[in-house]
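# What the coordinates show
One-letter residues, chain by chain:
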Amino acid sequence: MNEEKTNKRGWVKNAAIVFLTVLLILTFFSNTIMNWSLPEVAVRQVTSANISTQIRGTATVKATETYEVVLDQSRRVKTVYAKRGEEVRAGDLLFVLSEEDSAELESAKSQYKSALETLESMKKSYEESVLRASMGLSGGKSEEERSIENLRKQLKADRAERSGLDLSDKLVKAAEEKVTAAELTRDSAKRDRDQAAETAKYAADTVAKQQSNISQLEDRLSKLNTGDPNYNAVDAARRQLDAANENMDAANEAFNQAVTELGSLRLLYGDCRGELEKYAKQWIVNAAAGSDSGAPSAYDSDVQDKFDKLSIEWRSKLNVYFDAYLKTLPYDNETLKGYNAIRAAEETVEAKTAAVQRASQSLMDANSDWSSAWDSYQSANRNNVEKNNLNNELNNARILLKQLQEMQADEDKELQKANDALEKAEAAIQEARQNVEKEKNELESRKARYNSLTATIDQETWDLDKMVNNYNISKELAERSDEETRQRIADQEAQVAQLEEKMQRLSGVTGGTEVYAEINGVIKTVNVTAGNTVSARTPLATIEVPDRGYTAEISVTNEQAQNIYIGDFAQVTTGWWGQRDITAQLTGIRSDPANPRNARLLIFTLTGADVESGANITLSIGQRGQTYNTVVPKSAVRSDTNGDFVLIVTIKQTPLSNRYIAQRVDVRKLAEDDNSVAIAGEINYGDTVITTTTGLVESGMQIRMAEG
């Protein structure tokens with residue numbers, strides 16, 4: 001039994017030893033195991049170095065000197081011997097031209113013909129003037145003088161009209177001041193309307209409170225008078241009295257409206273009946289005189305006096321003749337329309353007057369009934385103090401309500417007046433603003449008229465000067481001696497001779513049909529084909545002179561241009577061929593016409609066997625170097641949306657080993673060449689930066705260093 005316990009203890013001991021041994025091994029080799037999964041990075045230290053930046057640009061090779069083959073006249077090309085890229089020498093035949101005359105020669109012939117006709121016309125005029133002078137018919141220039149006088153009058157009238165135009169904006173300003181005044185009036189009217197609205201609302205609220213008070217009193221009194229027949233009679237009489245009062249108010253309002261409408265119609269149409277009665281009276285006067293021929297179409301100015309002198313019998317027939325005359329008028333007669341409208345309005349007033357009288361009688365009857373019922377109720381309840389007090393209070397409340405309602409009606413009228421005044425003020429503002437626009441338009445119209453008159457006056461002045469000048473010339477010609485006239489003819493003859501000489505000279509030039517090369521060189525372009533016509537001074541071909549060399553230009557910033565100098569050489573590459581036998585030397589620096597403030601043009605002189613005009617080349621020229629304290633490889637600098645940065649390596653010490661952590665540092669590029677970049681930021685000389693990685697590395701990640 002004891003031996004079995006000893007064996008079990010040994011097994012537990014051995015297991016514990018094995019577990020602790022494995023745990024110790026895993027602890028010591030955990031860093032090595034974890035490194036298997038970490039990204040491996042290559043690093044370089046931050047150093048100081050000299051950076052020489054490169055300026056690069058693409059340019060097109062141009063020949064320093066070219067010669068254009070041109071003609072003095074437009075000609076048609078018959079044969080083309082020149083070929084692009086062909087080397088020619090002075091005297092080689094390039095083109096053959098057709099033999100027909102050029103457009104310039106045709107123009108010279110036309111000018112010569114016109115000048116010759118003018119000369120003949122001058123000689124003829126001279127002969128006619130001599131003939132008129134000999135016959136005494138030279139006369140004056142009366143027609144021309146009248147034209148000049150008329151134009152002077154028109155010019156004077158136009159100048160007077162222009163000087164009378166008011167181009168100041170005083171009327172516009174006055175109209176704008178009226179707008180301001182109207183706005184002030186509107187603001188005042190708005191304040192009055194707001195105050196009236198507040199007062200009307202207060203009156204309405206007071207009436208509502210009083211009506212509520214009356215309702216409460218009536219409820220209390222109704223409870224006390226329940227079953228009292230005298231009170232029921234009073235209540236019924238009160239309702240009839242209230243209805244009569246409302247009917248009376250409505251009748252008065254309708255009457256006032258009808259009277260207002262009648263007054264408006266009378267203002268609009270005037271005394272229509274009086275006008276129509278004159279025709280009826282004229283009709284009666286005619287009938288009484290025995291000359292009745294129906295309804296008259298006119299009446300005498302003294303028809304009223306004649307009518308007043310008639311007998312009573314004739315005058316009593318006025319209404320009959322009046323009605324008969326109305327029937328003769330057409331339906332659309334304006335006077336008849338006005339009369340009918342006024343008559344209808346008068347009938348309406350009469351009807352409303354009768355309604356007011358009936359409403360007044362009904363009110364008197366209702367008031368009498370209520371007084372009788374009230375007296376009976378008072379007699380029956382003479383000793384009931386509570387009822388009497390409530391009745392007195394209710395009566396006083398109703399009297400006060402009536403007064404408050406009248407006050408409310410007055411305030412409502414005042415509010416309506418205030419609203420009307422505000423609307424009128426708004427309309428006045430609108431009218432004033434329209435007047436401002438009108439004045440502005442009229443001012444613009446006056447300015448336009450002023451400009452138009454100015455243009456007209458200028459034209460008339462020019463025309464007048466021209467007419468006067470022509471008249472003076474004509475007069476001078478008429479007064480000049482024969483010798484002066486002959487001198488003019490001689491001048492014209494000299495001009496004809498010059499044109500004839502020009503025509504002959506152009507004829508001699510046109511006679512040549514061959515075009516030869518005048519210099520040695522290479523034909524770069526041929527701009528015409530056989531059968532085409534070439535205008536004067538238009539290049540037929542372009543010949544390059546290789547002996548004068550080739551140039552190329554690139555644009556750089558002012559800052560870049562400050563670090564390079566005349567005489568520096570540039571590296572040349574041409575497309576995918578790379579470096580070729582071309583040497584480029586900086587021979588000039590000048591402002592860039594496309595951006596003279598911020599850019600310069602670098603001018604290079606090109607030499608070498610591979611130089612060819614029109615070729616595109618890339619030029620690289622280095623600036624003077626500068627030493628920087630923090631320089632890293634170009635592969636170490638990264639960029640994202642936040643800018644440029646580098647990843648530096650920081651060391652975290654642990655009891656078992658060192659761990660390497662990538663840390664982001666934002667930087668700014670100072671200079672760079674093909675391999676290195678000078679940077680500035682929270683980085684120092686000797687720091688270790690990551691150049692390449694085997695996987696994605698972010699700031700804060702643990703990394704493993706590449707061996708070796």
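Up top you'll find the structure we're talking about.
To keep things clear, this report deals only with the structure shown in the data block. (Residues numbered from 1 in each chain as written. Predicted model: local features only at pLDDT ≥ 70, side-chain atom pairs only at ≥ 80, totals over all residues. Heavy atoms only, no water.)

## Topic: the overall build of the protein
Our working rule: Helix numbering and strand numbering both begin at the N terminus, where a helix is a DSSP run of H or I of at least 4 residues and a strand a DSSP run of E of at least 2. Buried, partly exposed and exposed residues are distinguished by accessible area as a fraction of the type maximum, computed with a 1.4 Å probe on protein chains only: under 20%, between the cut-offs, and over 50%, respectively. We call two residues contacting when some pair of their heavy atoms lies within 4.5 Å. Exposure was quantified through the Shrake-Rupley algorithm and a 1.4 Å probe, taking into account, for residues, occlusion by the shown protein chains and nothing else.
Counting secondary structure elements, the protein contains 13 helices and 24 strands. Looking at the protein as a whole, 30% of its 708 residues are labelled buried. A fraction of 77% describes how many contacts in the protein between residues 6 or more apart in sequence connect residues 24 or more apart. When the accessible surface of the protein is summed, it comes to about 45000 Å², and 48% of that surface belongs to carbon and sulfur atoms.

## Re empty space enclosed by the protein
Heads up, the condition is: Put simply, the grid is 1 Å and covers the protein atoms alone, a cavity is a trapped set of points that fit a 1.4 Å probe, a pocket is an open set with protein on both sides within 12 Å along at least five of seven lines, and lining residues have an atom within 4 Å of a point. Grid points are joined across faces, edges and corners, and a volume is the space filled by probe spheres set on the points.
Counted under the stated rule, the structure contains one cavity of 30 Å³ or more. What the largest cavity holds in volume is close to 80 Å³. Looking at the largest cavity, the residues that line it are Glu 218, Leu 221, Tyr 231, Val 234, Asp 235, Arg 238, Trp 374, Tyr 377, Asn 391, Leu 394, Asn 395 and Arg 398. The set of elements that each furnish at least two residues to the lining of the largest cavity consists of α4 (170–224), α5 (229–269), α10 (334–380) and α11 (385–479).

## Observations concerning the packing of aromatic side chains
We count it as follows: Stacked, tilted and edge-to-face are the three classes applied to pairs of Phe, Tyr and Trp rings, where Trp contributes its six-membered ring and a pair requires centres within 6.5 Å; stacked means planes under 30 degrees apart, edge-to-face means over 60, and tilted covers the rest. Charge-over-ring contacts are defined here by two conditions on Lys NZ or Arg CZ: a distance within 6 Å of the ring centre and an angle within 35 degrees of the ring normal.
This structure, assessed with the given rule, holds four aromatic pairs. For the pair Tyr 279 and Tyr 325, a centre-to-centre distance of 5.2 Å together with 5° between the ring planes defines the contact as stacked. One end of the pair, Tyr 279, is in helix α6 (residues 272–288); the other, Tyr 325, is in helix α9 (residues 318–328), with 46 residues separating them in the sequence. Both residues of the pair, Tyr 279 and Tyr 325, count as buried. Measuring from ring centre to ring centre gives 5.3 Å for Phe 322 and Tyr 339, while their planes differ by 75°; the resulting arrangement is edge-to-face. With Phe 322 in helix α9 and Tyr 339 in helix α10, this pair connects stretches of sequence that are 17 residues apart. By relative accessible area, which is 7% here, Tyr 339 ends up buried. By the ring-pair criterion, three or more aromatic residues cluster together here, those being Tyr 279, Tyr 299 and Tyr 325. Directly above the aromatic system of Phe 322 lies the positively charged group of Arg 273, at a separation of 4.2 Å from the ring centroid.

## Looking at the pairing of strand β24 (residues 702–705)
Rule in force here: Strand pairing is assigned whenever DSSP detects at least two bridges linking the two strands.
In this structure, strand β1 (residues 40–45) lies alongside β24, joined through two bridges in parallel fashion. Within β24, the position partnered with Glu 40 by the bridge is Arg 704. As paired elements, strand β21 (residues 658–672) and β24 share two bridges and run antiparallel to each other. Across the sheet, residue Tyr 660 finds its bridge partner in β24, namely Ile 703.

## Quick word on the environment of Leu 276
Its location among the elements puts Leu 276 in helix α6. Distance from Leu 276 to Phe 322, taken between C-alpha atoms, is 7.5 Å for residues 46 residues apart in sequence. Not counting residues within four places of it along the chain, the set of residues in contact with Leu 276 comprises Phe 322, Tyr 325, Leu 326, Leu 329, Thr 335 and Tyr 339.

## Remarks on α10
Formally: What a helix is expected to span follows from its residue count: subtract one and scale by 1.5 Å. Think of a polar contact as two N or O atoms within 3.5 Å of one another; within protein, one of them needs to be a possible hydrogen donor and the other a possible acceptor, and neighboring residues in sequence only count if both atoms come from side chains.
A rise of 1.5 Å per residue sets the reference length of α10, with its 47 residues, at 69 Å; its end C-alpha atoms lie 68 Å apart and thus fit the reference within 8%. One side-chain oxygen of the residue at the start of α10 lies 3.0 Å from the amide nitrogen of Thr 335, identifying that residue as Asn 333.

## Things to note about a nonpolar patch on the surface
Selection criterion: What makes a patch is a set of residues exposed beyond 30% relative accessible area and free of salt bridges, joined within 9 Å when like-charged and within 5 Å when nonpolar (Val, Leu, Ile, Met, Phe, Trp, Tyr). Salt bridges are counted wherever a side-chain nitrogen of Lys or Arg sits within 4 Å of a carboxyl oxygen of Asp or Glu.
Residues Tyr 81, Leu 93 and Tyr 516 make up a contiguous nonpolar surface patch of roughly 300 Å² in combined accessible area. On the secondary structure map, Tyr 81 appears in the loop between β6 (75–80) and β7 (87–88).

## A closer look at a negative patch on the surface
Operational definition: For the purpose of charge, His is not counted, nor are the chain termini; Lys and Arg are scored as positive and Asp and Glu as negative. For the purpose of locating charges, the reference atoms are NZ of Lys, CZ of Arg, CG of Asp and CD of Glu.
Taken together, the side chains of Glu 246, Asp 249, Glu 253, Glu 406, Asp 410 and Asp 412 present a region of like negative charge at the surface. Taken together, the elements giving at least two residues each to the negative patch come down to α5 and α11. With respect to the helices and strands, Glu 253 occurs in helix α5.

## Points about the packing of α5 against α10
Filter applied, for reference: Think of each axis as a best-fit line through the C-alpha atoms, taken over the contacting stretch in the case of a helix, with angles from 0 to 180 degrees between the N-to-C directions. Roughly parallel means an angle under 35 degrees; roughly antiparallel means over 145; roughly perpendicular covers 65 to 115; every other angle is labelled oblique. If you view the pair so one helix is near and one far, a crossing is left-handed when the near helix is turned anticlockwise from the far one by less than a right angle, and right-handed when it is turned clockwise.
Running from N to C, α5 and α10 cross one another at 160°; their axes reach a closest spacing of 7 Å. With respect to their mutual orientation, α5 and α10 come out roughly antiparallel. As for the relative orientation of α5 and α10, their crossing is left-handed in sense.

## Comments concerning the side chain of Asp 592
Its place among the elements puts Asp 592 in the loop between β15 (583–591) and β16 (599–607). Among the polar contacts listed, one links the side chain of Asp 592 to the side chain of Ser 555, at a separation of 2.7 Å.

## Considering the sheet that holds β6
The four strands are arranged β9-β8-β6-β11 in an open sheet whose pairing can be described as antiparallel. On the outer flanks of this sheet lie β9 (514–516) and β11 (533–534), each paired with one strand and no other.

## So, the nonpolar core
A general feature of soluble globular proteins is that nonpolar side chains tend to end up buried together. Definition in use: What is meant by a nonpolar core is a set of buried Ala, Val, Leu, Ile, Met, Phe, Trp, Tyr and Cys residues, joined one to another through side-chain atoms within 4.5 Å.
Leu 276, Leu 326 and Tyr 339 are the most contacted members of the largest nonpolar core, which has 25 residues in total. Elements with a contribution of two residues or more to this core: α5, α6, α7 (303–308), α9 and α10. Those residues within four positions of Tyr 339 in sequence are excluded, and the remaining contacts are Cys 272, Arg 273, Leu 276, Phe 322 and Leu 326.

## A closer look at the sheet that holds strand β13 (residues 550–557)
What the seven strands build is an open sheet, ordered β3-β17-β14-β15-β16-β13-β4; its pairing is antiparallel. Of all the strands in the sheet, just β3 (54–60) and β4 (62–63) have a single pairing partner and so form its edges. Where β15 lies against β16, eight bridges are found, and the strand directions are antiparallel. Bridging from a neighbouring strand, Ser 591 pairs with Arg 600 of β16.

## Focus: the environment of Thr 529
Relative to the elements of secondary structure, Thr 529 occurs in the loop between β10 (521–526) and β11. The spacing of Thr 529 and Lys 78 is 451 residues in sequence and 8.5 Å in space, taken between C-alpha atoms. Once you skip the residues sitting within four places of it in the chain, Thr 529 turns out to touch Val 77 and Val 80.

## Focus: α5
The end-to-end C-alpha distance of α5 is 60 Å, a good match for the 60 Å that 41 residues give at a rise of 1.5 Å each. Listed as buried for α5 are Tyr 231, Val 234, Ala 237, Arg 238, Leu 241, Ala 244, Met 248, Ala 251, Ala 258, Leu 262 and Leu 265. Phi turns positive one or two residues past the end of α5, at Gly 270, with a value near 75°.

## Describing the pairing of β21
Examined bridge by bridge, strand β20 (residues 643–653) and β21 share nine bridges and lie antiparallel to one another. Pairing of Phe 645 across the sheet is with Asp 666, part of β21. Pairing between β21 and strand β22 (residues 676–681): five bridges, direction antiparallel. In the strand pairing of β22, Arg 668 is matched with Ala 680. Taking the residues that link successive antiparallel strands as the turn, the β21-β22 hairpin has three residues.

Any link to function would need more than the numbers given here.
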